[in-house]
Amino acid sequence: MKKDVTLTVKSKSVSKFKGGYPLISKDSVQNLHDGIEEGTIVKLVDEKNRFIARGYYGKQNKGYGWVLTRNENELIDQSFFIKQLKKAIESRKSFFNNQETTAFRVVNGEGDGLGGLTIEYFDGYYLIHWYSKGIYSFRESIIGALKELVQYKAIYQKKRFAESGKYIEEDDFVTGERGTFPIIVKENGVHFAVYLNESAMVGVFLDQREVRKRIRDAYAAGKTVLNTFSYTGAFSVFAALGDAQKTTSVDLANRSLSKTIEQFSINGVDYEAQEIIVEDVFRYFKYAVKKQLKFDMVILDPPSFARSKKMVFSAEKDYKNLLKEAISITEEGGIIVASTNASSFNMDRFKGFIDQAYKESNKKYQLLEEYSLPEDFKTVKSFPEGDYLKVVFIKNAK
Ligand code: SAH
């Protein structure tokens, strides 16, 4: 057994923690040091040694651990995890009962009071992401709690705690009966091929569910659609199923070609009538400008940070320029769907980038609608950084 550690919250941060703030950071606590063992239970107290909260130590890119309870009498044991998981599962009841969508998030870290971990459901399979060694040290209690609460085909896991949050490559199978991959899940009636034992990414990002549906149901019909940073082509598949005239998917990764063909195929879309291009998006933009290509709709969903051979892309620094490139190849009256999952800036700043990009392009625009995380990606008000997704539908003025 590790010995519990008491951490004194700096006076300026006391009210923040009392108000529900869940992240333990160097900045908010006095006596945090690297000697604390991962998974140690920490008690947060004020300068007069009065109890504020209890949590665990777990170093990850965001901070040094998470608050788990504000009840002094509550211990962090299996029954604690059963209670938290049960709450999380019950609040996703409508998802469990939905035949048309069989993939969703069951536990969204601190949004469900369990910072440092997420659990997703893929048609009977559960996938746990562990974001620190600290939270992973509770795996027996957490997996035990999950097994007690749900029926499952199998449980898989991703260890996301190598250097700076990187995925540790290994067999991700935990328990149950090994799946044969891909398994085919559904999202609003559309199929996705999902691989739970391949890499950190399984084939689909569930947080864009509402945006995909909106593109299919309200925007795609008759349009030419350019999907940049397309990964497995999820947006392209929804656009094609919404009767887009043609989709063009562009991604740098070689895997994206076969994966995108697969996603089209399992949905009965002829992939040969679509364009799938393996290339750096920034090179593609140059090509498109040279060829005077214009699209009715351009989807931008870059990673927050990416390093390619030639350049480093950071959403915070470079999104405005990305938008300018997109604007130059979008038809008058056309739509740009600008998306980012960067937690380092909020919606207001994102809209600032958009405004700046249009100003510098000497063009006018209209904001049509915006999206943030869907309901299963639960967040808490006290931790706005956790509400990372920002998607804006923009219309180019004529
Ligand atoms: N929009 C996707 C998810 C994007 S994930 C979806 O909805 O599913 C980020 C993707 O960006 C990865 O597939 C990665 O290969 C790709 N990528 C990163 N840098 C790129 C670049 N410079 N050009 C093209 N693709 C890039």
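Residues numbered from 1 in each chain as written. Predicted model: local features only at pLDDT ≥ 70, side-chain atom pairs only at ≥ 80, totals over all residues. Heavy atoms only, no water.

An unreviewed UniProt entry lists the chain under the name Class I SAM-dependent rRNA methyltransferase, from Bacillus mesophilum.

Enquirer: For the pattern of salt bridges, give the residues involved together with the corresponding values.
Expert: Inspection of every chain in the model, using the stated rule, returns 24 salt bridges. A salt bridge links D123 to K153; the nearest nitrogen and oxygen atoms lie 3.7 Å apart. Remark: K153 occurs in the loop between α5 (139–149) and β8 (154–159) and D123 occurs in the loop between β6 (117–122) and β7 (125–130); sequence separation between them is 30 residues. On the basis of relative accessible area, D123 is assigned to the partly exposed category, the value being 30%. (Salt bridge = Lys/Arg side-chain N within 4 Å of Asp/Glu carboxyl O. Helix = DSSP H or I, 4+ residues; strand = E, 2+ residues; numbered from the N terminus. Buried < 20%, exposed > 50% of the residue type's maximum accessible area, 1.4 Å probe, protein only.)

Enquirer: An account of the site of the ligand is requested, with residue identities and associated values reported.
Expert: Lining the immediate surroundings of the ligand are 15 residues, of which F229, D251, L252, V281 and D301 lie closest. With respect to the ligand, the backbone of F229 contributes an N or O atom lying 2.9 Å from a nitrogen atom. With respect to the ligand, the backbone of V281 contributes an N or O atom lying 2.9 Å from a nitrogen atom. Class assignment for the residues of the shell around the ligand results in nine nonpolar, one polar and five charged. (Near = heavy atom within 4 Å. Polar contact = N/O pair within 3.5 Å; in protein donor to acceptor, adjacent residues only side chain to side chain. Nonpolar A, V, L, I, M, F, W, Y, C, P; charged D, E, K, R; others polar.)

Enquirer: How would you explain the domain arrangement of the chain if you had to name every residue and give the values?
Expert: Entries for the chain in the domain assignment read domain 1 (5–69), domain 2 (78–189) and domain 3 (205–396). For domain 1 and domain 2, the distance between their C-alpha centroids amounts to 25 Å. Contacts between domain 1 and domain 2 engage 13 residues on the former and 13 residues on the latter. When domain 1 packs against domain 2, the two sides together hide about 960 Å² of surface, and 67% of this comes from carbon and sulfur. Counting across the interface, domain 1 meets domain 2 through zero salt bridges. Put simply, the parts of the chain that give the side of domain 1 that touches domain 2 at least two residues each are β3 (51–57) and β4 (65–69). At four residues, the largest contribution of residues to the side of domain 1 that touches domain 2 is made by β4. (Domains from an automatic or database assignment. Contact = heavy atoms within 4.5 Å. Buried area = accessible area lost by both parts, 1.4 Å probe.)

Enquirer: Describe the nonpolar core, with residues and values.
Expert: By size, the foremost hydrophobic cluster in this structure holds 50 residues, and its most contacted members are L44, L117 and W130. Here this core gets six residues from one element, more than from any other, and that element is helix α2 (residues 78–91). For this core, the two domains that each supply at least three residues are domain 1 (5–69) and domain 2 (78–189). The residues touching L44, leaving out its near neighbours within four places in the chain, are L7, V9, F17, I24, V29, R50, F51, I52, A53 and V67. (Core = buried A, V, L, I, M, F, W, Y, C linked by side-chain atoms within 4.5 Å.)

Enquirer: I'd like a description of the packing of aromatic side chains, backed by residues and values.
Expert: In the structure shown here, the tally under the stated rule is 30 aromatic pairs. For the pair F229 and F282, a centre-to-centre distance of 6.4 Å together with 70° between the ring planes defines the contact as edge-to-face. Note that F229 is positioned in the loop between β12 (224–228) and α7 (234–241) and F282 in helix α9 (residues 281–290), a separation of 53 residues in sequence. The residues F229 and F282 share a single accessibility class, namely buried. An aromatic cluster is present here, built from F95, F96, F104, Y121 and Y126 joined pairwise through their rings. The side chain of K16 reaches across the aromatic face of Y21, ending 4.2 Å from its centre. In this structure, R139 packs its charged tip against the face of Y136, placed 4.2 Å from the ring centre. (Phe/Tyr/Trp six-rings, centres within 6.5 Å; stacked < 30°, edge-to-face > 60°. Lys NZ or Arg CZ within 6 Å of the ring centre and 35° of its normal.)

Enquirer: So what's going on with the UniProt feature "domain: PUA" (unreviewed entry) in the chain? Residues and values would help.
Expert: On the UniProt side, "domain: PUA" (unreviewed entry) is annotated at positions that read residues 5–90 here. Secondary structure within residues 5–90 divides into 24% helix and 24% strand; the distance between the first and last C-alpha atoms comes to 33 Å. (UniProt positions renumbered as here; feature names shortened; annotations may be inferred.)

Enquirer: With reference to specific residues and values, describe the pairing of β4.
Expert: For a regular strand, side chains alternate in direction, first toward one face of the sheet and then toward the other. Burial runs high along β4: five of the five residues are buried. Relative to β4, β3 is paired through four bridges, and the arrangement is antiparallel. Residue G55 lies in a different strand from β4, and its bridge partner there is V67. (Pairing = 2+ DSSP bridges.)

Enquirer: Quick one: what's the story with the environment of D27, residue by residue and with numbers?
Expert: Assignment of secondary structure puts D27 in the loop between α1 (11–18) and β2 (41–45). For the pair formed by D27 and Y219, sequence separation is 192 residues and the distance between their alpha carbons is 45 Å. In contact with D27, other than residues within four places in its own chain, are K10 and K12.

Enquirer: Could you give an account of the sheet that holds β8, naming the residues involved and the relevant values?
Expert: Reading across the sheet, the five strands line up as β5-β6-β7-β8-β9 and stay open at both edges, with mixed pairing between neighbours. One side of each edge strand has no neighbouring strand; the edge strands of this open sheet are β5 (103–108) and β9 (173–176). Here the strands of the sheet are splayed against their neighbours by 20° on average, with no regard to which way each runs. The pairing of β8 with β9 spans three bridges and is classified as antiparallel. By the bridge assignment for β9, Y156 is matched with F173. On the sheet, α5 packs against β6, β7, β8 and β9 and is oriented at approximately 160° with respect to β7. (Axes fitted to C-alpha atoms, helices over the stretch in contact; angles between N-to-C directions.)

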